[in-house]
Every structure is written in structure tokens, then in C-alpha cells.
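Reading the structure
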Amino acid sequence: MFAYYTRLALHSFGRNPGLTALMVLAIALGIAVSVMTLTVYHGMSGNPIWWKSDRLYSVTMDGWDPQNPYRADLHLPPPELTYRDARHLFDSNIPERKVLMYSSNGVLSAAGRAAPVPVNTRFTTADFFAMFEVPFLYGSSWSAGADSPPQPVIVLSREENDKLFGGANSVGRTVRWNDHEFRIVGVLNEWYPLPRYYDLNGGNFSPPDAAYLPFNWGIELEALNNEETDCWGSDPVNTYKDFINSECVFLQMWVELPTRAARTRMQDFMDGYWAEQHKAGRFQRPRDNRLTDVSQWLIDSRVVDNDNRLLVGLGFAFLAVCLINTVGLLLAKFLNGAAVTGVRRALGASRRQIFAQHLIEVGALSAVGGVLGLALAAVGLAAVHHLYASAHLGNRGGYQEITHFDFTGVMWAVGLAVVATLAAGLYPAWRVGRLPPAIYLKSQ
Amino acid sequence: MSLNVRPIMSALLRNRTGAVLVAMQVALALAVMVNAIYIVMQRVDKIGRATGIDVDNVLIVQSSGFTANYHHVATIQEDLAYLRSVDGVVAASAMRGIPLSDGGDNNPLVTRPDAQRTDNYNSWEVDEETLHALGVQLVAGRNFRHDEIQPPLTKQDASRFVPQIIVSRALAEHLFPHENPLGKRVYDSLNQTATIIGVVDPLMGSFPGMLHPDWVYMMPRAPADFLGLNYTVRTRPGTRDTVARLIEGHLAQSNPNRVIDSVRSLTYYKDLSYLADHTMAIYLVTVTALVLGVTSLGIFALATFNVSTRTKQIGTRRAVGARRRDIVRYFLVENALITSGGVVAGCALALAVGYWLSVQYALPRLNLYYLVGGVLSLWGIGQLAAWQPARRAAAVPPSVATRTV
């Protein structure tokens, strides 16, 4: 029966090729547009470390200006910490792992190699690599002992290692970072978490850094933060020491807390520190000490922007237009063939069989429309990708990183195509079965 | 001339489904179109705002010293002398602050020493050639003189202020409403004071995305080595990219104690800052065009279907005296009725969506002119789409009435 109905469907398509093409096109366009917006949305709202998202917490405290909130529209503490607060919190032994970091500009050069290269450098602590599960191609992280006092060790990204050493295993060699020699202890493998949840200050989809040095080097070499630094108050900041002791926030801190008990203890520790400082005259705003897990952090940081939500809505509105269109066209087409259906009914086909036959016709249409829609979505995404990539002059970073077609996108397309067109086909297929056969047997 | 609305209406009501489906499409299309175009126009306005800068002809060169042998002040002098000697360069300036780049410094300024510091304004460090290098117009007061350019900040006096500043007119009006800002004093966060000596207009600062991108002030000071230095180079029209290649080649070799991070056109920074708005506009226009296309195909298909199922009736009407133009009119009026139904529902939907967007995303409330434009264009599209089927209907010969199938 299925084969027969399929043959009937193909025959029916052949009868009105124009109308059939129109329906396929409408379905395909609707699916293409909604799949495109969903793919980008999915890319934006992704949680790149979902498997341990509820163990990793960003640490923030509101030590901002008592007169003015950090940002009036957000009701959140500043996303970064001051050096003195971070230093104190970092001394806690409650977390299983803890990371303190910021990023800075630097210049890498290797003896006898190509010209020096400017690199974005992250000053961080040893746990960074294990905590965020950063993959290594060669070597490994430095040991916790190398954090303090800081040892002259460095980890390079794979890209930087390719540039400086042609991709060879460079572990054990030395490079110069600005004016100082560092021994390479590890080279990262390809790693590009999207969004860059552990530090969103330099852009949500920016590439990870090119070089990693122990945190204390940053302070010792008086390296300045090259992302967001925010200050308040009227104490002069003339020297680096002034800066370190100021109320300027510029450090990101993350802790890994495996249990709820550990989380509670950490929160108590922060609250205790807050109370002590509050008594001493700092932290004069309402108490707002936060441990924020990764998924909440991404929401608080507004990684998914309003434009994107709007586009998803638009995508579905467009899909709706296309489907209503398809319902109308299917209805017209089925009713047009009512005479044939009348004959079949008169020869004994039940309403259910007529319904099934037409539904199979709809199914065939939706399959073709779905495939075409997928292809169109791929073309559309490539176009958007090109738009972003050309604005970035071919450099990585930004939305271009999430305009790739992924498995989820394909599944969405297939699912949408099936659900949508079947939904669109139900009514016309049902309607045509309800037609009284008799009048169609008469001449018009 | 009667349009015979009543019989058309009754025929429509007898066969509702197709008409209702088309009207629904028209309603959705109107809601999508009106709101999308409204958002697009806001983005186009935003991208097209005056910058006051000769954006197309400006290059930005970023340079960083990185060795102990690096001499910052000497390097700046040497680089500027070289840049000004290059054929095609109109002016070159050493700055901290890249216009339209979405990155940079914001600092508070107040008009009385005891005032609350609530707002931050975009600040640039500039020299006496900056205005010329950007092509910015001085509208009051004077430019900085060479001898007024302060030495760069060091890690011993990083809080030092400057004696004079130049401000954008927008900032001047914000700080001193309805007053002549020239000669007025402003105070920084440490109550160090500076006098306003010049006003420029228009000028957009480093942050096009901020609420007040034109609140900018300039300090006459060489940029510090530890904070970052950029040269702003204005070129003769048509020579920008040639000059970029030339100076990049020279500067990368001229001093082993620094690297040239980048040599980029100002359009690069501008385009990147507006990329999201630009893409959004393209996307919205494309989807709107598709919505209209699909809707008009739907109208066309329904009209065609109606014509083909009514061939016999059309023949009968022709046989009893209806002219071709009566038949055409019948189908056009029918289409207008359907579209009107859709448009009425669409207006309500468009306003509801517009209201929801204004609440949810803090967009300005929908401008009603857009709604009127949308209604008119959908009526037009409906009539155009129904035109060809109506003509086909008119071509049905009266003799059809006498045939049986």
C-alpha cells in the first residue's frame, strides 16, 4: 500500500509541477530560515563545560562605590575582583581547585626564529588547565609549586607553537616573553571553548590566549590588564603598587567546589571576609557575595543578546507564514484532484485510506523540502560566516565562530521539516477525505 | 460603477478556508514586515550617524615596545618624523584612543570639585596634529600647541592630569548647558583641574555602542608606553592601502625593540563595531523580502485555484453579458477583500508585537507611519499577485458555459 501511495503521490506531483515546486520551496525556505537562527542561537547559548558546570563557580563580591552601583541596570556585583580581595580569597583551602587570572599584552620571541610576535598572554595559576580541562599536545601544566614564588615557566597555545617552532615538540626549550626568558613546559592542543566562559571580558567568542604564565609573574613584571579594568574612588593611583592596592577590579577568580557542603563553606568564608572588611570601612554596599556556576554565569553575562532572541522569533514567524502557505496550497491541490478522489471513494477506498494516501503525499513533499531547506540553511550560514570573517580580516573571534552547521542544526532541520509539514498536511488530507464522492462523479 | 461587493462577499463566505489562510499570511507578513523594517531603519540610522572623522582615509598603527632598550619618547619622535615624510600622508599623530573601535578609556569629569562623579566620558591622549589627522572640525576656541603636549605618564605619576582639554560639543553642552564652555574649568577624580580651550563638532568617540558616543574629551599628552600607543595617520584619498603596506614594511624593521601589532584602516574598526547591526539589518531585510515573496505566491496560487475551479461560472457570467473587465474586477475586488481582512488583523498583530518588543527589549515604540506604509504595500502586492490570474479568468470564452466539462 505504501509503495502504491508513494507512486500515486509522485504521479500527483507530476500533474501540477509548478504548484508542487512552490510548496517545496515554501517549506524549504521556512525551514532554512528557522534552522539558521536556531543554529546561531544554539552556538551562543552553549555551555562548553556542561559536564562540570555546577562544580565551577565564578567568585564575585560587591565592593563598589557606596554612592553608585557598578551597573544600575544589572543588580550584579562587578564581574571581576580587586587584587587585595582576590589574594585573600585565593588563600582559602576550601575549593578543590582555584584559579586567579587576568590577561595582558606581551611579545614572544625565540632565539634564531622568525620575527617577534605580539601575543595575548594570560597570567594564571596552575589549576587553570585541570579545572577547565584544557587539552595538552606536549608536556603539561606547571606544578602548583611553580606558582609562588613564580618559576620561569610558560605554556604555549598550539597555534603559537606552530608559529615559533613549526609545530615541533618545544617542551624544554626557552622563549622570551618581552625581556624575560621562560622555559616551555607545555603546548596546548586545539582548544576553543565557545563562549569563552572563563573570561568574557575580552569578548564572548574571542579566541583563547596564545601564552600562559604563572599569575605572580604578572604582578612582579607589573603587567597591566588588557581587558576590562574598572575603578572608582578618589585615591591617587600613581604607581603599580597603588593600582594593586586600589579598588580597581581586574581579576577573574574561579573555584571548583565538588559538594554542596564545600559551596556553603566557601560562601561562609566569603561572608566572613566581607563582614571583617565591612567593619574596617570597606564594602559599604549591601552584602552581595556570589558563587555563580557556569550556566548562571553565562546568563548573568548576557552572552545571548537580544538581537538573537528576536531573530529566533522572526525565524519562527517566517516558518509560520510558509506553513500557512503550504496548507493553502495543499488544500487547493487536493481539492483540485477531488474528482479523482471521488472515483476512488466510489470504488471502495475508505476515508482512512484517502487520508493515508494524501498524508504520504505530504510526507514526500516534506522530505524534499527538508533536504532542500537544510541545503539552503547551509548556504545561508556560510554567507553569514563569510560576512563576519571578512569583517575580522580572516582573524578568528566573534560570531563567525558559531555560524557553523553542526549536528544539532541538522537534527533541528529534520525534526522541524517532519513536524511542520505533517502539521500543515493534516487538515487538507482530512478535508479531502470528507468530501462527498457523489457530486464529483457527476459532470461539472 | 458598482464594485458588487455583496455577491463577492457571499461567495467568499461560502468558501472560507482558502481566503482565511491567505488573510492569515497577510496578517503575519504585515506584522513581520512593519516591525522588521522599523528595526532596520533604527540600525541604518545608527550606522549612518556623523562621526566627524575622515574615516575612509585614516590608518591606525599600533606599536608596543617590549625590551629594556626601548626608548618610548625617542621612538615616537622618530616614527612621527618618518610617517610625516611618507608620500601620501596628510598628517600623523601619536595618540592613545582609537575612534569607533569599541575599546578605550572612560573617566569622570565634573564641573565643581565637590560634585558627585556619576558619569564617565571617553578620553583620548592626543597631540597637536590629532585634529588634523582625524579630520575633526574645531568649532570654537583653539587647538593644542606643540609646547602644550605633556610628557607621557610613567609608573610614578600615573594619576597626573593635564592643564587644558578640548571637548566635543555634545560633552560641553552636557557639562555646561547653555553656557560658553571656553575657559571653564573641569575636575578629574582627584580634583585636579583643567581648562577647556577648544570645542570640536561633530565627533564620535571610541564607543559607538554607548548611549552617548559623542561625549569625548582630549588631553594634550603623549601616550604612555605601558598603556598603549597608536599612531593615527591620515592619507590622501586613494592612497590609504598603498601607504599602509609601505609604513608597515618600514616600521616593522626600523626598531628591534618594539613590534607593530597592527596597521589597519579606521573603516576596519568601524565595520567591526557595527558588524552586529549591519548583519541584523541584512538579515531582517532578507527575511522580510522572503515573507513578502512567499505571501504573494500564496495569494497568486489561491487566485489561480479559484479561477480554475470557477471556469464554468465565469463562462456563464460572460455568456449573460459580463464584460472582460467585470471579470477582472471581480477577482481584484475579491483579493482586496481578503487582503483587507488580513491587513486589519495584521495591524493589531503588528502593534501587539511592536508593543511587546518595546517592553521586552527596550526598543522605541513602533512608529505608525511604518504601519501605514506596510498596509499600502501589502494591498499593492495583493493586487499585483492577483492580476495575472484575473486576466486569465477574463480570457475564459463565454462558450465554456455551454460545454459539459
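The model shown is predicted, which means the values in this text are computed figures rather than measured ones.

As a further point, take the interface of chain A and chain B. Listed as interface residues are 46 residues of chain A and, on the opposing side, 48 residues of chain B. Secondary structure elements with two or more residues in the side of chain A that touches chain B: α2 (17–44), β3 (97–109), α10 (306–336) and α12 (351–391) of chain A. In terms of residue count, the dominant contributor to the side of chain A that touches chain B is α10(A) (18 residues). Each residue belonging to the side of chain A that touches chain B can be placed in one class, and the counts come to 30 nonpolar, 13 polar and three charged.

Turning to the pairing of strand β6 (residues 153–156) of chain A, a few remarks are in order. Residues and elements named next belong to chain A. Covered by surrounding structure in β6 are V153 and V155 together with I154 and L156, the residues of both alternating faces. Relative to strand β8 (residues 180–188), β6 runs parallel, the two being bridged by four bridges. Pairing of L156 across the sheet is with V187, part of β8. Sheet topology places β6 next to strand β9 (residues 211–214); two bridges connect them, and they run antiparallel. Paired with L156 across the bridge in β9 is A211.

Right, let's get into the domain arrangement of chain A. All names here are of chain A. What the domain assignment reports for chain A is domain 1 (2–45 + 305–441) and domain 2 (50–300). Just the C-alpha atoms count here: the centres of domain 1 and domain 2 sit 48 Å apart. Taken together, the contact pairs seven residues of domain 1 with five residues of domain 2.

Residues and elements named next belong to chain A. In this structure, R309 sits in helix α10. Judged by the 16 C-beta atoms lying within 10 Å of it, R309 is partly exposed. Along the backbone, R309 and E181 are 128 residues apart, and their C-alpha atoms lie at a distance of 48 Å.

Helices that pack against each other are described as a pair by the angle of their axes relative to one another and the distance between those axes. Following both chains from N to C, one finds α10(A) and helix α8 (residues 275–309) of chain B inclined at 15 degrees, their axes separated by 10 Å at the closest point. In terms of orientation, α10(A) lies roughly parallel with respect to α8(B). Where α10(A) crosses over α8(B), the two elements pack in a sense that is left-handed. Between α10(A) and α8(B), the contacting residues are D307(A), L311(A), L314(A), F318(A), V321(A), C322(A), N325(A), G328(A), L329(A), A332(A) and N336(A) on the first element and A276(B), M280(B), Y283(B), V287(B), L290(B), V291(B), V294(B), T295(B), G298(B), A301(B), L302(B) and F305(B) on the second.

Quick look at the nonpolar core now. Grouped together as the largest cluster of nonpolar side chains are 214 residues, with contacts concentrated most on I154(A), F318(A), L30(B), V32(B) and I165(B). Here this core takes 17 residues from helix α2 (residues 16–47) of chain B, the largest share from any one element. Filtering out sequence-adjacent residues up to four positions away, L30(B) remains in contact with V343(B), G346(B), C347(B), A350(B), G374(B), V375(B) and L378(B).

This brings us to the domain arrangement of chain B. Domain boundaries assigned for chain B yield domain 1 (5–48 + 275–402) and domain 2 (71–254). Taking only C-alpha atoms into account, the centre of domain 1 of chain B sits 54 Å from that of domain 2 of chain B.

To continue, consider the packing of α2(A) against α12(A). Residues and elements named next belong to chain A. Between α2 and α12, whose axes approach to 7 Å, the crossing angle comes to 45 degrees. In terms of orientation, α2 and α12 fall into the oblique class. Pair α2 / α12 crosses with right-handed handedness. On the side of α2, the interface is formed by M23, V24, I27, A28, L29, I31, A32, V35, M36 and T39, while α12 contributes L365, S366, V368, G369, G370, L372, G373, L376, A377, G380 and L381. Taken together, the residues that form the contact of α2 with α12 break down as 15 nonpolar, six polar and no charged.

Our focus in this paragraph is the sheet that holds strand β2 (residues 89–95) of chain B. The strands making up a sheet associate through hydrogen bonds between their backbones, and the pairing can be parallel or antiparallel. Residue and element names in this part refer to chain B. On the basis of which strands lie adjacent, the open sheet formed by four strands has the order β2-β10-β1-β11 and antiparallel pairing. What marks the edges here is a single partner per strand, and that holds for β2 and β11 (258–265). Adjacent strand axes in the sheet meet at a mean angle of 20 degrees, parallel and antiparallel pairs treated alike. Looking at chain direction, β2 and strand β10 (residues 229–235) are connected through six bridges and run antiparallel. Within β10, the position partnered with V89 by the bridge is T235. The strands touched by helix α6 (residues 240–254) are β1 (58–65), β2, β10 and β11; relative to β11, the strand with the most contacts, the crossing angle is about 175 degrees.

Criteria and thresholds
Residues numbered from 1 in each chain as written. Chains lettered and ligands numbered in written order. Predicted model: local features only at pLDDT ≥ 70, side-chain atom pairs only at ≥ 80, totals over all residues. Contact = placed C-beta atoms within 7 Å. Helix = DSSP H or I, 4+ residues; strand = E, 2+ residues; numbered from the N terminus. Nonpolar A, V, L, I, M, F, W, Y, C, P; charged D, E, K, R; others polar. Buried ≥ 20, exposed ≤ 12 C-beta atoms within 10 Å, placed from the backbone. Pairing = 2+ DSSP bridges. Domains from an automatic or database assignment. Axes fitted to C-alpha atoms, helices over the stretch in contact; angles between N-to-C directions. Parallel < 35°, antiparallel > 145°, perpendicular 65-115°, else oblique. Left-handed = near helix turned anticlockwise from the far one by under 90°. Core = buried A, V, L, I, M, F, W, Y, C linked by C-beta atoms within 7 Å.

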